[in-house]
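Listed below are the residues making up each chain.
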Amino acid sequence: MKINVLGLGYIGLPTALLLAKAGHEIVGVDIDEEKLKILKKGELPFKEPGLEELYHEAKNNFTLRTSPEKSDVFIIAVPTPLDRTIDVADLSSVKQAADMIYPVLRKDDLVVLESTVPPGTSKNLVLPILKKSGLDETEFHLVHSPERAIPGNTLNEMRYNDRIIGGLDKKATNKAKEVYSTFSEGEIFETDVKTAEMVKLMENTFRDVNIALANEFSRISEDSGIDVWEAIDLANNHPRVDILHPGPGVGGHCISVDPLFLTANSTTSKMINLAREINDSMPNFVLSLVRKKTAGIERPTISIFGVAYKGNVDDTRETPSKKIIKLANNEGYRVKCYDPHVKDFDYELYDLEESVRESDCILIVTDHDEFKEIDPKNLEMRNKNMIDSRNMIDKDLWIEAGFDVKIMGDDAEYTGY
Ligand SMILES: NC(=O)c1ccc[n+]([C@@H]2O[C@H](COP(=O)([O-])OP(=O)(O)OC[C@H]3O[C@@H](n4cnc5c(N)ncnc54)[C@H](O)[C@@H]3O)[C@@H](O)[C@H]2O)c1
């Protein structure tokens, strides 16, 4: 089959290459000419395990364009950020992609919307644009198939995760199943288009609310002299309990944004917005820990370890680090950032040694594996303070190296019987 994939980002590019490897003729479409230039040189615009090898294997079936061509299938994987001024999904890229497709849409073609969208978007926004082709909705096929892969393990998850396909009708769903089953080994569940849109948002909202609960437990533990990490581990021994981990805030393109796609149009939602509020306040809470550790130091410098929004990826979208840095700068802190995965960031990045030079406190924001390998004895700092908001370091090792260590959520006096 000939397939156009619109949007060659974290989701669209791996999808396009998996389909190309499966033998389809793929046209990768992106409006970002810089991104196309990088790809044309045989390089990747971002890091993802296994993607380089896949690009090499699939490139004979993969061409690059700035607009779509006539084909059998169109997959839309463009960004759907949140318009922060009004907390509503910004669907301008989805609209633009549909506008690019309808002039080349032919009878029996399939259009798949993979981007995460508020319920109703496929039917109310995308369908009317596609009908500008002169075809009516019985003559082409439209489905929503949300992508649920996680950065850092995208290729495996795209291959083995179960998939949901919600078609406007059964014929559309069947056609999409035919396409995805050429590379997906997970089970494919069928539903209607609006339910498929809802399911994706419910999944991310579930995680956001559960993280907010863990964050609240963490703050209560801080107030009560309890180690929240131990308490969560013990609670999770219960067969029907699965509490997630607290952290410095929720980032990324999905979990910190998608819940608001649900509440934007609701007059009844309370818990979802409250969870967002709790998670969005975590950077402030983390900074309050920094304040305590650096009290009495004149013009303190802090070293932020990790600016990616999660461990072992280079994605900084919606990262809690940005809010922590801004708040800290406003209070007169000097901030130096170190991230072994990120190359481009809004603030200057230093290597490990330089990031801690003359620093008064390290703050771990991202759980990159590399941070576990650091030998604290080798770090030269002005004051040896360590705040770990992810509970990832070997606390004893850092204490032995002379550090005053604080693990967020662990205020336990108790150290055993
Ligand atoms: N990144 C994730 O982990 C993840 C996971 C699941 C779902 N999603 C969803 O998938 C969608 C894509 O996310 P992403 O992370 O891949 O975004 P991204 O920003 O990495 O990539 C999107 C790409 O689309 C391009 N683009 C914008 N408008 C276009 C158009 N009209 N035609 C062609 N290309 C266009 C951009 O230039 C960019 O290269 C979003 O809706 C997101 O919520 C993302």
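Keep in mind that this is a model prediction, so the values were computed, not measured. (Residues numbered from 1 in each chain as written. Predicted model: local features only at pLDDT ≥ 70, side-chain atom pairs only at ≥ 80, totals over all residues.)

**Considering the packing of helix α8 (residues 193-224) against helix α11 (residues 271-280)**
Under the convention used in this document: Axes, fitted as lines to C-alpha atoms, cover a helix only where it is in contact. Angles between the N-to-C directions of the axes lie from 0 to 180 degrees. Secondary structure elements are taken from DSSP: a helix is a run of H or I of four residues or more, a strand is a run of E of two residues or more, and numbering for both begins at the N terminus. Note that the term roughly parallel is reserved for angles under 35 degrees, roughly antiparallel for angles over 145, roughly perpendicular for angles of 65 to 115, and oblique for everything else. Left-handed describes a crossing in which the near helix is turned anticlockwise from the far one by less than a right angle; the clockwise case is right-handed. Residues are scored as being in contact if the C-beta atoms we place from backbone atoms lie within 7 Å.
Two numbers describe how α8 lies on α11: the axes approach to 9 Å, and their chain directions differ by 55 degrees. Put simply, α8 runs oblique to α11. Relative to α11, α8 is oriented so that their crossing is left-handed. Contacts between α8 and α11 involve T205, D208, V209, I211, A212, N215 and E216 from the former and M271, I272, A275, R276, I278 and N279 from the latter.

**Let's talk about the environment of L397**
Its location among the elements puts L397 in helix α15 (residues 395-400). In this structure the C-alpha to C-alpha distance between L397 and P376, which are 21 residues apart in sequence, comes to 7.5 Å.

**Notes on the packing of helix α4 (residues 92-101) against helix α5 (residues 121-130)**
Across the interface, α4 lies against α5 with an axial gap of 8 Å and an inter-helix angle of 30 degrees. Our classification of the angle between α4 and α5 gives roughly parallel. Here α4 and α5 pass one another in a crossing that is right-handed. On α5, the residues that touch V94, K95, A98, D99 and I101 of α4 are T121, L125, V126, I129 and L130.

**Some points on the site of the ligand**
Spelled out, the test is: Should the C-beta atom of a residue, placed from the backbone, lie within 6 Å of a molecule or strand, that residue is near it.
The immediate surroundings of the ligand are formed by 28 residues, with G7, G9, I11, D32 and S115 found nearest. Of the residues forming the shell around the ligand, the biggest block, four residues, is contributed by α4.

**Considering helix α9 (residues 228-235)**
The following threshold applies: In this scheme the burial state of a residue depends on its C-beta neighbours within 10 Å: 20 or more other such atoms mean buried, 12 or fewer mean exposed, and anything in between means partly exposed; the C-beta positions come from the backbone. In this context, the arc is that of the directions from the helix axis out to the C-beta atoms.
Looking only at α9, the buried set comprises V228, W229 and I232. Seen along its axis, α9 keeps its buried residues to an arc of 100 degrees; they face one direction. Projecting away from the buried face of α9 at angles above 90 degrees are the exposed residues D233 and L234. Here the buried face of α9 lies against α8.

**Observations concerning the domain arrangement of the protein chain**
As a reminder of what qualifies: Domain start and stop positions are those given by an automatic or database domain assignment. Residues are grouped as follows: nonpolar covers Ala, Val, Leu, Ile, Met, Phe, Trp, Tyr, Cys and Pro; charged covers Asp, Glu, Lys and Arg; every other residue, Gly included, is treated as polar.
Partitioning the protein chain into domains gives domain 1 (2-186), domain 2 (201-279) and domain 3 (282-407). Look at where the C-alpha atoms of domain 2 and domain 3 centre, and you get two points 23 Å apart. Counting residues at the interface gives 12 residues for domain 2, matched by 17 residues for domain 3. Of the residues that constitute the side of domain 2 that touches domain 3, the class distribution is three nonpolar, eight polar and one charged.

**Some words on the nonpolar core**
Inclusion rule: Under the definition applied here, buried Ala, Val, Leu, Ile, Met, Phe, Trp, Tyr and Cys residues are grouped into a nonpolar core through C-beta atoms within 7 Å.
The biggest cluster of nonpolar side chains holds 68 residues, and the ones touching the most others in it are L6 and I76. Element by element, the count of residues in this core is highest for α8, at seven residues. Each of domain 1 (2-186) and domain 2 (201-279) contributes no fewer than three residues to this core.

**Quick look at the sheet that holds strand β10 (residues 188-192)**
Here is the rule we go by: Strand pairing follows a simple DSSP-based rule, namely that at least 2 bridges must link the two strands.
Sheet architecture is open: eight strands sit in the order β3-β2-β1-β4-β7-β8-β9-β10, paired in mixed fashion. The outermost strands of the open sheet, each flanked by one partner alone, are β3 (62-65) and β10. On average, each strand axis in the sheet is inclined to that of its neighbour by 25 degrees, with strand direction left out of account. Two strands pair when backbone bridges link them, and strand β7 (residues 110-113) and strand β8 (residues 141-144) are joined in this way by four bridges, in the parallel orientation. Opposite L110, over in β8, you have H141 as the bridge partner. Sitting on the sheet, helix α7 (residues 170-180) is in contact with β4 (73-76), β7, β8, β9 (163-167) and β10, with an inclination near 150 degrees to β9.

**Side note on the pairing of β8**
For clarity, the cut-off: Seen with its strands pointing away from the viewer, a crossover is right-handed if its path from the first strand over the helix to the second goes clockwise.
Residues H141 and V143 of β8 are buried on one face, and the alternating residues L142 and H144, pointing to the opposite face, are buried as well. Tracing the backbone out of β7, into α5 and back to the parallel element β8 gives a crossover that is right-handed. When β8 meets β9, the two strands line up antiparallel, connected through two bridges. Residue pairing for β9: V143 is matched across the bridge by G167.

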